[in-house]
Protein chains: 2
Amino acid sequence: MNRQTMNHLPSRLVICFALALLCTTSWNTIAAPKNVILIIGDGFDDQHVTMGRNYLTGMSGTLILDGLPFRGAVQVETLSASGEPEYVADSANTATAIATGRITSVGRVGTDIADEDLPTIAERAIGAGLRVGLVTTSSITDATPASFLAHVSSRSCEGPEEILGSTYYGLPQPVCPQDAKQNNGPGSIIEQLFSSKAHILFGGGQKFLNQIMASGESIRSLAEKNGFRVITDRDELSEIQTDQAIIGLFDTENLEVKWRGSDGRRAAPTETSWLHSLSDFLGEATPPEIMECEPNPAFAATPELASMTATALRHLSASNESGFFLMVESASIDKQSHKRNPCGSLGEIAQLEEVLAVSLEFAGQHNDTLVMVTADHAQAAQILPEPSHYSDYPVPIYSPGHTARVRTREGSVMRINYATNNGFSEEHTGANVPLFANLSDPKLLKPFMKQRDLYHAMMTFLGLNSGDNELKD
Amino acid sequence: MNRQTMNHLPSRLVICFALALLCTTSWNTIAAPKNVILIIGDGFDDQHVTMGRNYLTGMSGTLILDGLPFRGAVQVETLSASGEPEYVADSANTATAIATGRITSVGRVGTDIADEDLPTIAERAIGAGLRVGLVTTSSITDATPASFLAHVSSRSCEGPEEILGSTYYGLPQPVCPQDAKQNNGPGSIIEQLFSSKAHILFGGGQKFLNQIMASGESIRSLAEKNGFRVITDRDELSEIQTDQAIIGLFDTENLEVKWRGSDGRRAAPTETSWLHSLSDFLGEATPPEIMECEPNPAFAATPELASMTATALRHLSASNESGFFLMVESASIDKQSHKRNPCGSLGEIAQLEEVLAVSLEFAGQHNDTLVMVTADHAQAAQILPEPSHYSDYPVPIYSPGHTARVRTREGSVMRINYATNNGFSEEHTGANVPLFANLSDPKLLKPFMKQRDLYHAMMTFLGLNSGDNELKD
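Residues numbered from 1 in each chain as written. Chains lettered and ligands numbered in written order. Predicted model: local features only at pLDDT ≥ 70, side-chain atom pairs only at ≥ 80, totals over all residues. Heavy atoms only, no water.

Peer 1: Give me the lowdown on the domain arrangement of chain A, citing residues and values where you can.
Peer 2: Residues and elements named next belong to chain A. By the assigned domains, chain A splits into domain 1 (33-256 + 296-381 + 426-462) and domain 2 (259-292 + 383-424). Computed over C-alpha atoms only, the centres of domain 1 and domain 2 are separated by 33 Å. With 27 residues of domain 1 in contact, the opposing surface of domain 2 contributes 26 residues. Between domain 1 and domain 2, the buried area comes to about 2400 Å², and carbon and sulfur atoms account for 62% of it. Contact with domain 2 buries area across many residues of domain 1, yet Tyr55, Arg340 and Cys343 alone supply 29% of it, more than any other trio. Across the domain 1-domain 2 interface, the total number found is zero salt bridges. Elements that contribute at least two residues to the side of domain 1 that touches domain 2 include exactly α4 (46-57), α11 (332-338) and α12 (342-365). (Domains from an automatic or database assignment. Contact = heavy atoms within 4.5 Å. Buried area = accessible area lost by both parts, 1.4 Å probe. Salt bridge = Lys/Arg side-chain N within 4 Å of Asp/Glu carboxyl O. Helix = DSSP H or I, 4+ residues; strand = E, 2+ residues; numbered from the N terminus.)

See the structure below:
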């Protein structure tokens, strides 16, 4: 033992004592794991996390998720239809990876590239007697929630009508005839969700309730026949009995978002002067006016994501000795980034933070609860200098895409850029995504994981067999 | 103790035993901290980390840095000249934050917004008898290395000529008259670096050697008068004596990069057909041809960053009982991203991985060594879908910026987009940046830190006083 080591002897004792204490006090957490709350921020990459931090808490502030004891990075894996690596995903193949531990191709829901159904953590949890809830700000049939309880070859097969044909921005969408009931398949996404043994399904998607299945029955009657109570008004959230499985659909399709830009403004192209059309080096470029984020009037009757989550937690935990798996998605971080609407995304990030607060409070009262926050894939938005770092140059310097200048709560202007394509909807991007958790257990969560590893981590925490065994529901 | 707890008793013993073992075996690491190797990837944000992973190891591969036991995120903080929060940084204010624990404004090197000099970790280390090395692929006078040993009001004040006036792309750059020797200041960046007690200064910047100072002496004679041996040939790296302070300048300005795109190609605008000029909905868009990354012929005589690092480690550790601080910068991840040259950035990421391998090998032999990898700020490049997720739509969908399609080693095509501005150089972006380390000590490194916290973490590890005391060199 050298002199330096001897000098540190007292601190060595402190460290060993601390480890022993940790070993004792954290014991209950390790001994009786049973609840998983998985919070997915759709498109919630590090640019969006930082946008949220800057807007909500300021440049030097900290989000609730920044205070969590674990943070890592997760590699997103995508296959082409023929099984080659691809570097950018969508919400269907990523949610499938998280839900099943298997990688697949863009657009696939709970199926591999050979169209085999992949058992999900939610199905295995139900099979083992745990309760399951899915809560989202999208339609309940959207790719992320769908991938936890449904198996179709394309995310577009949301209802019994869409499974045989639909359009998106005028373009015919993939169909899933082999999954249709009339072909002895398991049916569309909504049919599979409403035939599951889930306890809570909250989101949008009222438009599917009146669709008619091959049997001639409506989706609503399918739900009721399978023991669900169907609610469509947020006021019912506080009234419902905890012993019944509940479907809550609070909008026609996706839920409205909480915030919008001043007067509904989104990011916009930079205006350039006539002279600039003659030469890149001439004329003026005028960026869009600064905007504030304001409440979105259309949100008025929409339940908060945190309120749906609190209800879900009450229902999933009431008189339940077997634990639960709850997936909560803040879906429109991504959807509003597609639409170049930073305030829309920021409102959804604020909702994610509120959900995390509710979840951590629950975990504080039920210390056998793993709370994880992650994203499914990265998205288009980038924070740019305001003004450009090249604004002193005597030529017009501006983004070739769409720009928004958002005033943050601390009063500075945050410039957000969307420039991945020239079309009606921005592209996803390929960066690894963040992972946060309320416990730091190196056996469970590692600093770098692949998205499919998250399935195995959650299954291990729940004490479920995560192998390739048959689906048991 | 409930039944579940009892069932876990054997595993409890295993965990406690493992903790006890950890407590014992890691003791030397905790007892005698003395070396810090800080690796900065300039612009090495999560998009670039993922670009490197996809290219070098494949979609499902892992970089060396992915295997490190600690990973966190670091918030970048920037002030305006008047002290308001800004959301996008440059390499000067970020390196200053890391080097001094204090935040400042874009372009400032080792000074706060009141132009006060801020003591740096390198200066404090020298003052405490530790050795110091700075190694970079940029000019040694560039913002990142400069911020560890110099104090000027603008990064442009690199040499005795530039301190009184220079241009960049034709635009006059800020001057620092108050810092000039003739005004009784500490001199330009190169004068301050070469007047320091650093042991190793490796990078580019030969062009400064023949600049003449106010005293009439050349920079080369300043270096030699201050006890440095000056080398300019990489072959000398293996010959030099370890007991002498060395300046190694291996190129005129920045070092050449290791890789380039096929035939020197960079990202390029998408070509559109004549018909498309009539309407957004008409015509064809043809993205640039796929490129491979190939060796850059201009790199031939350039020392590898890992080779400079290995030499630096040998010199800093030889007959040294007091420890050292070494900063190694892979500078051109950022510089090549500005130039829309993904293969240039990828070669620099490959170099960073090699540096990390060398550093971890050193740390394996000297277990009192903290190896940290971080970025200074985020950068423009984004990984986009190949092809676009909207490529089935019957309208031309393409990036409004510059696109490269890079074939990775595993054979897939990775599309990289640069679209932050229309000018000659892309913008930095504002996402928080990753942090990796070879040890996971929650007292030292937390999952979320601010950039200035890194200074305090390194100072604590080195056992140095990180307070606001006067500079003691």
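There's plenty left to go through after this.
Peer 1: Please set out the side chain of B:Glu191 residue by residue, giving values where relevant.
Peer 2: Residues and elements named next belong to chain B. Examined against the element boundaries, Glu191 turns out to sit in helix α8 (residues 189-194). Although Glu191 is buried, it makes no salt bridge; Lys181 carries the closest opposite charge, 5.2 Å away. The contact partners of Glu191, leaving out residues within four places of it in the chain, are Pro160, Lys181, Pro186, Met213, Ile219 and Leu222. (Buried < 20%, exposed > 50% of the residue type's maximum accessible area, 1.4 Å probe, protein only. Lys, Arg positive; Asp, Glu negative; His and termini not counted.)

Peer 1: Tell me about a nonpolar patch on the surface, residues and numbers included.
Peer 2: Residues A:Trp274, A:Leu275, A:Leu278, A:Phe281 and A:Leu282 make up a contiguous nonpolar surface patch of about 590 Å² in total accessible area. Examined against the element boundaries, A:Leu278 turns out to sit in the loop between β13 (271-272) and β14 (285-286). (Patch = residues over 30% accessible without salt bridge, like charges linked within 9 Å, V, L, I, M, F, W, Y side chains within 5 Å. Areas by Shrake-Rupley, 256 points an atom, 1.4 Å probe, with all protein chains shown as cover.)

Peer 1: Go over the sheet that holds strand β18 (residues 369-375) of chain A with me, naming the residues and quoting the values.
Peer 2: Residue and element names in this part refer to chain A. Across the sheet, which stays open at both edges, the ten strands sit in the order β9-β10-β8-β5-β17-β1-β18-β22-β2-β23 with mixed pairing between neighbours. Looking at which strands have only one partner, the edges of the open sheet turn out to be β9 (228-231) and β23 (448-450). Geometrically, the sheet is characterised by an average inter-axis angle of 15 degrees between neighbouring strands, direction not taken into account. Bridge analysis of β9 against strand β10 (residues 245-249) gives four bridges, and the strand direction is parallel. Residue pairing in the sheet places Val230 in a bridge with Ile247 of β10. Contacting β1 (35-41), β5 (131-139), β8 (200-204), β10 and β17 (324-330), helix α10 (residues 305-317) crosses the sheet at an angle of about 165 degrees to β5. With respect to the sheet, helix α13 (residues 451-462) is in contact with β1, β2 (70-75), β17, β18, β22 (433-437) and β23, its orientation differing from that of β23 by roughly 100 degrees. (Pairing = 2+ DSSP bridges. Axes fitted to C-alpha atoms, helices over the stretch in contact; angles between N-to-C directions.)

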